[in-house]
Amino acid sequence: MPPLDKAAAPPLAALLTAGEQEVARILQICNACRYCEGFCAVFPAMTRRLEFGKADTHYLANLCHNCGACLHACQYAPPHEFMVNVPQAMAKTRVQTYADFAWPPAFGQLYKRAGLTVALALAGCLALFLTLAAAMSGGLTRAVAGGNFYAVFPHNFLALVFGLAFLYAIFALGVAVAKFWRQISPQMTADPRDRPAARAARAPAAAEAAMNVATMKYLDGGHGEGCNDEDDRFTLARRRFHHFTLYGFLLCFAATSVATLYHYVFGLQAPYAWTSLPVLLGVVGGLGLIVGPAGLLWLNLRRHPMQGDPEQHGMDRGFIALLLLTSLTGFAVLVLRETSAMPVLLAVHLGVVMALFLTLPYGKFAHGVFRAAALLKFAIEKRLANRLALGGD
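Conventions adopted
Residues numbered from 1 in each chain as written. Predicted model: local features only at pLDDT ≥ 70, side-chain atom pairs only at ≥ 80, totals over all residues. Heavy atoms only, no water. Helix = DSSP H or I, 4+ residues; strand = E, 2+ residues; numbered from the N terminus. Contact = heavy atoms within 4.5 Å. Areas by Shrake-Rupley, 256 points an atom, 1.4 Å probe, with all protein chains shown as cover. Buried < 20%, exposed > 50% of the residue type's maximum accessible area, 1.4 Å probe, protein only. Polar contact = N/O pair within 3.5 Å; in protein donor to acceptor, adjacent residues only side chain to side chain. pLDDT = per-residue confidence, 0-100. Axes fitted to C-alpha atoms, helices over the stretch in contact; angles between N-to-C directions. Parallel < 35°, antiparallel > 145°, perpendicular 65-115°, else oblique. Nonpolar A, V, L, I, M, F, W, Y, C, P; charged D, E, K, R; others polar.

**Notes on the overall build of the protein**
Moving on, step 1. A tally of regular secondary structure across the protein gives 16 helices and two strands.
Moving on, step 2. In terms of overall dimensions, the protein has a C-alpha envelope of 80 × 45 × 40 Å along the principal axes.
Moving on, step 3. When contacts within the protein are restricted to residue pairs at least 6 apart in sequence, those whose partners lie at least 24 apart make up 75%.
Moving on, step 4. Surface summary for the protein: the accessible area is close to 18,500 Å², and the carbon and sulfur share equals 68%.

**Observations regarding the side chain of H367**
Moving on, step 1. In this fold, H367 is placed in helix α16 (residues 366–381).
Moving on, step 2. Overall, the relative accessible area of 15% leaves H367 in the buried class.
Moving on, step 3. Reaching out from H367, the side chain makes a polar contact with the backbone oxygen of K364 at a distance of 2.5 Å.
Moving on, step 4. Once you skip the residues sitting within four places of it in the chain, H367 turns out to touch Y98 and H242.

**Focus: unusual backbone geometry**
Moving on, step 1. Here the amide bond leading from P78 into P79 is cis, since omega sits at 15 degrees, within 30 degrees of zero.
Moving on, step 2. By the element assignment, P79 lies in the loop between α5 (69–73) and α6 (86–101).
Moving on, step 3. A cis amide bond links W103 to the next residue, P104, at an omega of -10 degrees.
Moving on, step 4. Assignment of secondary structure puts P104 in the loop between α6 and α7 (114–137).
Moving on, step 5. Even without a glycine there, the phi angle at M83 is positive, about 50 degrees.
Moving on, step 6. As for its placement among the helices and strands, M83 is situated in the loop between α5 and α6.

**Some details on the confidence of the model for the protein**
Close inspection of predicted coordinates is inappropriate for parts of the model with low pLDDT.
Moving on, step 1. Residue-level pLDDT values for the protein average 89, and 93% of them are 70 or greater.
Moving on, step 2. Contacts of residues 1–9 to residues separated by more than four positions or lying in other chains number zero contacts, the stretch itself having pLDDT below 50.

**With respect to the packing of helix α4 (residues 54–63) against α16**
Moving on, step 1. Contact geometry of α4 with α16 gives a least axis separation of 8 Å together with a crossing angle of 105 degrees. Relative to α16, the element α4 lies roughly perpendicular. Residues Y59, N62 and L63 of α4 touch α16, and the partners they reach there are F370, R371, A374, L375, K377, F378 and E381.
Moving on, step 2. Partitioned by chemical class, the residues of the contact of α4 with α16 number six nonpolar, one polar and three charged.

What follows is the structure, given as structure tokens:
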């Protein structure tokens, strides 16, 4: 058979990047095989398509949870000549979507140097807060009566600086995922006959997607036994450590929110007693943010290179390290708040938290937001008629 003329290549393929073309190539093979159809949401979504454009590859890459089940089950995986590796191809395209939709667009390049970005952000923020602490409190090694943090950094200063940083992170992520949603939205991609049904499906689909996020449904390997580890055994460890991390983060956020209510609504000033609700929520959440990230780091260090994209290890481990440091330094401040070590520990803790906030829109945290949007699209799409009628959904 003569080689294909590149000038005659289908327009759809010509618009795809190399990574997106690899996803499209692999999914064409998977669409013919269908062995993995029951493993996760990717494969039923795949059967609704005969070809895979940019929006399709972005959507399916973010729908993939990288559980590894399909890689270990695939008869065409390396060293077969077809070289089918769904998790790795999806991971490479997934990080490209984060960069493509980042806000501001120029900051999308930070994903390619996420490890360096985290390191520089952490170093800069630590230096800033250590310097400010020394200037504002008259020194870094003096005991503060009652463990009062605001004797080191005024409350209004902290509220302004961290409020702006957090709002920036939320805004940047919101703009990014809104752009992503406009590309993959059922209103844009569904058959015109199905658009009224897509609108009607939003509420139940949102509830289903939220439940899938909350339970990490698709980290069960499609059979309830979990992801495949590096030696092919099934394990629920990755799902459980993700749960610790997610709910630890949410409990810490709840602790901050309750403390805000205490301060502004009830006029109760920090520091709070060990038995107070903000401290209890923070302690439980902080423990989650130690167990979860530590476990995920352990799994990341052991995982086989074929089960993902090794080039993203810097981004993964940088984010995990910031979560761990946030929790560990927070506990150090809490336990030693009435000692002379508190000012320097507080400055270190605030530097770590600021680095976390500033890098949220440009690191691993983005995967949770983009994946939630992909799960919402899947929950809507599965409620629509399958016009191809080729799959089993």
